[in-house]
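Each chain is listed here by its residues.
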Amino acid sequence: RGAIDALAARLAAGRAGSDAASRAEFEHALQAGRDIEGAATLSVLIARDVDFHRAIYRLSGNPAVEETVGPQWPHMRRSMATVLGELDYRANAWAEHEAIAACILAGDAAGAEAAAQAHALKAGHATEERLKAPEQAA
């Protein structure tokens, strides 16, 4: 996921100034995430997270990105549930989204790519750590 998200963010930053409709959709997803309240359910958190990433994919202008990620959403939602279930990670995840968004909206392709890659790696690491915990063992 990290490689795809990094590519999508880089491409989105390059198109943020020229694709008004996709940029508006991205800004809407970003604002919806900002509006999340502390008592939001896990399903709402996951939905906002998915909307944010899908908006980046669309703004990238590369349909192969969405086609590649589409079948992976059920697995990614499970991973999101694992990490967003942690109260301390919820704010961190959205702060990482804000960093990605700032780079995209500024047209900073290299920054967007790096921020998206870092976000995916942190989420992956957090998922791995949660799954290693004895109470998480199946």
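Residues numbered from 1 in each chain as written. Predicted model: local features only at pLDDT ≥ 70, side-chain atom pairs only at ≥ 80, totals over all residues. Heavy atoms only, no water.

1. Points about the nonpolar core
- Grouped together as the largest cluster of nonpolar side chains are 36 residues, with contacts concentrated most on Phe26, Phe52, Ile56, Leu84, Ile100 and Ile104.
- Put simply, the parts of the chain that give this core at least two residues each are helix 1 (2-15), helix 2 (20-34), helix 3 (42-60), helix 4 (63-69), helix 5 (73-84), helix 6 (87-106) and helix 7 (109-132).
- It is helix 3 that contributes the most residues to this core, eight residues altogether.
- If sequence neighbours within four positions are ignored, Leu84 has contacts with Leu42, Leu45, Ile46, Asp49, Tyr89, Arg90 and Ala93. (Core = buried A, V, L, I, M, F, W, Y, C linked by side-chain atoms within 4.5 Å. Buried < 20%, exposed > 50% of the residue type's maximum accessible area, 1.4 Å probe, protein only. Helix = DSSP H or I, 4+ residues; strand = E, 2+ residues; numbered from the N terminus. Contact = heavy atoms within 4.5 Å.)

2. A word on the side chain of Asp49
- Note that Asp49 resides in helix 3.
- Discounting residues that sit within four places of it in the chain, Asp49 has contacts with Arg1, Met80, Leu84, Trp94 and His97.

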